[in-house]
Amino acid sequence: MSPPVAPPGWSRWLVPPAALSVHLSIGQAYAWSVFKPPLESALGLSGTQSALPFQLGIVMLGLSAAFGGTLVERNGPRWAMTVALVCFSSGFLLSALGASLEQYWLIVFGYGFVGGIGLGIGYISPVSTLIKWFPDRPGMATGIAIMGFGGGALIASPWSAQMLESFGSDSGGIALAFLVHGLSYAVFMLLGVLLVRVPRTEKPVADGPSVLAGPQVSARSAVRTPQFWCLWLVLCMNVTAGIGILEKAAPMITDFFADTSTSVSVTAAAGFVALLSAANMAGRIGWSSTSDLIGRKNIYRVYLGVGALMYALIALFGDASKPLFILCALVILSFYGGGFATIPAYLKDLFGTYQVGAIHGRLLTAWSLAGVLGPLIVNWIADRQEEAGRHGASLYGLSFVIMIGLLVVGFVANELVRPVHPRHHVPQPKEADRVQQSESA
């Protein structure tokens, strides 16, 4: 499938809606916590077990983005969006079959493995194209698209909760909800496939910077630099801290206030997930746009430093004040989303736009580790604390302390980022073409 080239006069502002149609769909992953309690009840699962589809999905997101990044660069965004549509929707259909047959392994395989491939390819599908369309405002451009991934749960969370209420929270109701998800998202993602275009030239903005201006580094060279691995660590720590709350959001807020006079209902917990999604989404466009003004390193200082402070406030005072708990969680999730949206622009600043999509794909392996690490820390510790007879907020105290430590590690890694040494640069655009041909071979 050849990349569709924009005809003369094509507006670059039509490209972000194409990206949003894909990212809003695959962003459903952030609403997984709504399905956790029904699955645990219907299939007799523990909190750690019910997190497996989500964890595997994030692992496959990072791996498919890493291995598919070069293919996305070569074949273009329409090919990538089509692959994402097929895999993501098929994952839901397989999960529906698994829930209907009460075969949990099939839900893990469908949602986690097959759907996770759709997550990874879909996530990186528009990034390189957006940076080429908006070389003057890369942080804002990637923020618009990746905002959709963070905001997917804003739609999916109440929608899923309503379906489970209507269809029932037994295995049959869960299966029907999965089926509706798979068919609906296939139609919505098709809009992005039909609408996306690549720019005709390397300079789509007449008075803006050239796409190939500044240092350019190939994907193969980028992974050999300390800058890449510092950013890998930064992303991994930031994602682990955010995803630890997000994956267990609904049961977490219920547990925190279970022993108080202001207990949280199932519906209110689903609303909390939607609020987190809104913060995640707002952070992706708001903080990434801010990074265009104050710089990438400075904005990550905010994400990691202030994020550690928010975790400390929750650990110390969260169960005493519901507004404080919600506010701190919203700030953490806004940083979590902002970190995702800012990282492509950070990569562009350091490595150029030459193979930024492929570099971004490789960096997302950090998300794969974080997708396992964050939920594992929170769920495993909560399960062990519950076995020890503890309850309420005490289920999460130790895991929050660990998250603070991880954010400090990420802060230090960000401070170590320096410009890439010229020996890694591709000298000229013609030389870049030669390098790309040799690497493809």
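Residues numbered from 1 in each chain as written. Predicted model: local features only at pLDDT ≥ 70, side-chain atom pairs only at ≥ 80, totals over all residues. Heavy atoms only, no water.

1. Overview of the overall build of the chain
Per the secondary structure count, the chain includes 19 helices and zero strands. A compact globule built from 441 residues would reach a C-alpha radius of gyration of about 22 Å, and the chain, at 21 Å, matches this within 12%. Across its three principal axes, the chain shows a C-alpha extent of roughly 65 × 45 × 35 Å. Sorting the 441 residues of the chain into buried and exposed places 58% on the buried side. Long-range pairs, those at least 24 residues apart, make up 85% of the contacts in the chain with a sequence separation of at least 6. (Helix = DSSP H or I, 4+ residues; strand = E, 2+ residues; numbered from the N terminus. Rg over C-alpha atoms; globule rule 2.2 N^0.38 Å. Buried < 20%, exposed > 50% of the residue type's maximum accessible area, 1.4 Å probe, protein only. Contact = heavy atoms within 4.5 Å.)

2. Regarding the layout of surface pockets
Approximately 460 Å³ is the volume found for the second largest pocket. Along the walls of the second largest pocket sit 20 residues, with V34, A161, V266, T267 and A270 positioned nearest its centre. Listed by contribution, the elements that provide at least two residues to the lining of the second largest pocket are α2 (36-43), α8 (138-167), α12 (249-256) and α13 (266-294). Take the lining of the second largest pocket: its biggest share by element is five residues, from α8. A per-class count over the lining of the second largest pocket returns 12 nonpolar, six polar and two charged. (1 Å grid on protein atoms, 1.4 Å probe; cavity = no way out; pocket = protein on both sides within 12 Å on 5 of 7 lines; lining within 4 Å. Points joined across faces, edges and corners; volume = space filled by probe spheres on them. Nonpolar A, V, L, I, M, F, W, Y, C, P; charged D, E, K, R; others polar.)

3. Describing empty space enclosed by the protein
The final tally for this structure, using the stated rule, is one cavity of 30 Å³ or more. As a volume, the largest cavity reaches approximately 50 Å³. Lining the largest cavity are N238, A241, G242, Y303, G307, Y311, I332, F335, Y336 and L407. The set of elements that each furnish at least two residues to the lining of the largest cavity consists of α11 (226-246), α14 (296-317) and α15 (322-351). A breakdown of the residues in the lining of the largest cavity according to their chemical character gives seven nonpolar, three polar and no charged.

4. Notes on the confidence of the model for the chain
With 93% of its residues at a pLDDT of 70 or more, the chain shows a mean pLDDT of 86. In the predicted structure, residues 202-210 sits below a pLDDT of 50 and forms 16 contacts with residues beyond four places in sequence or in another chain. (pLDDT = per-residue confidence, 0-100.)

5. Looking at helix α4 (residues 52-75)
G68 marks the point of greatest bend in α4, at about 50 degrees. Just downstream of α4 lies G76, where phi reads positive at about 95 degrees. (Bend = angle between axes of the 7 residues up to and from the residue.)

6. Concerning the packing of α11 against helix α18 (residues 397-415)
For the pair α11 and α18, interaxial distance at closest approach is 8 Å and the crossing angle is 155 degrees. Considering the angle they form, α11 stands roughly antiparallel to α18. Our pair here, α11 against α18, has a crossing hand that is left-handed. Taken together, the residues of α18 that come into contact with α11 (itself represented by C230, L233, V234, M237, N238, T240, A241 and G244) are M403, L406, L407, V409, G410, A413 and N414. For the contact of α11 with α18, the residue count by class is 10 nonpolar, five polar and no charged. (Axes fitted to C-alpha atoms, helices over the stretch in contact; angles between N-to-C directions. Parallel < 35°, antiparallel > 145°, perpendicular 65-115°, else oblique. Left-handed = near helix turned anticlockwise from the far one by under 90°.)

7. Focus on the environment of W287
By the element assignment, W287 lies in helix α13. For the pair formed by W287 and G143, sequence separation is 144 residues and the distance between their alpha carbons is 8.2 Å. Those residues in contact with W287 that sit more than four places away from it in its chain are A282, I299, Y303, S334, F335, G338 and T342.

8. Side note on the packing of α14 against α15
Following both chains from N to C, one finds α14 and α15 inclined at 160 degrees, their axes separated by 9 Å at the closest point. Comparing their axes, α15 and α14 come out roughly antiparallel. In the packing of α14 onto α15, the handedness of the crossing is left-handed. Along the lines of polarity and charge, the residues of the contact of α14 with α15 split into 20 nonpolar, four polar and three charged.

9. A short note on the pattern of salt bridges
Under the criterion given, the structure shown has seven salt bridges. For the salt bridge of R137 with D136, the shortest nitrogen-to-oxygen distance reads 3.8 Å. With relative accessibility at 31%, the residue D136 sits in the partly exposed group. (Salt bridge = Lys/Arg side-chain N within 4 Å of Asp/Glu carboxyl O.)

10. A look at the packing of aromatic side chains
Counted by the stated rule, this structure contains 33 aromatic pairs. Ring geometry for W32 and Y111: centres 4.6 Å apart, planes at 35 degrees, overall tilted. Note that W32 is positioned in the loop between α1 (15-26) and α2 and Y111 in helix α6 (residues 104-124), a separation of 79 residues in sequence. There is no split in this pair, since W32 and Y111 are both buried. Judged by centre distance (5.5 Å) and plane angle (85 degrees), the ring pair of F92 and Y111 falls under edge-to-face. Here F92, found in helix α5 (residues 77-101), pairs with Y111, found in helix α6; they are 19 residues apart in sequence, far enough to count as distant. In this pair, the class of F92 matches that of Y111, namely buried. Through successive ring pairs, a cluster of aromatic residues spans W32, F35, F88, F92, Y111, W159, F178 and Y185. Stacked on the ring of W10, the Lys or Arg R197 has its end atom at 4.7 Å from the ring centre. (Phe/Tyr/Trp six-rings, centres within 6.5 Å; stacked < 30°, edge-to-face > 60°. Lys NZ or Arg CZ within 6 Å of the ring centre and 35° of its normal.)

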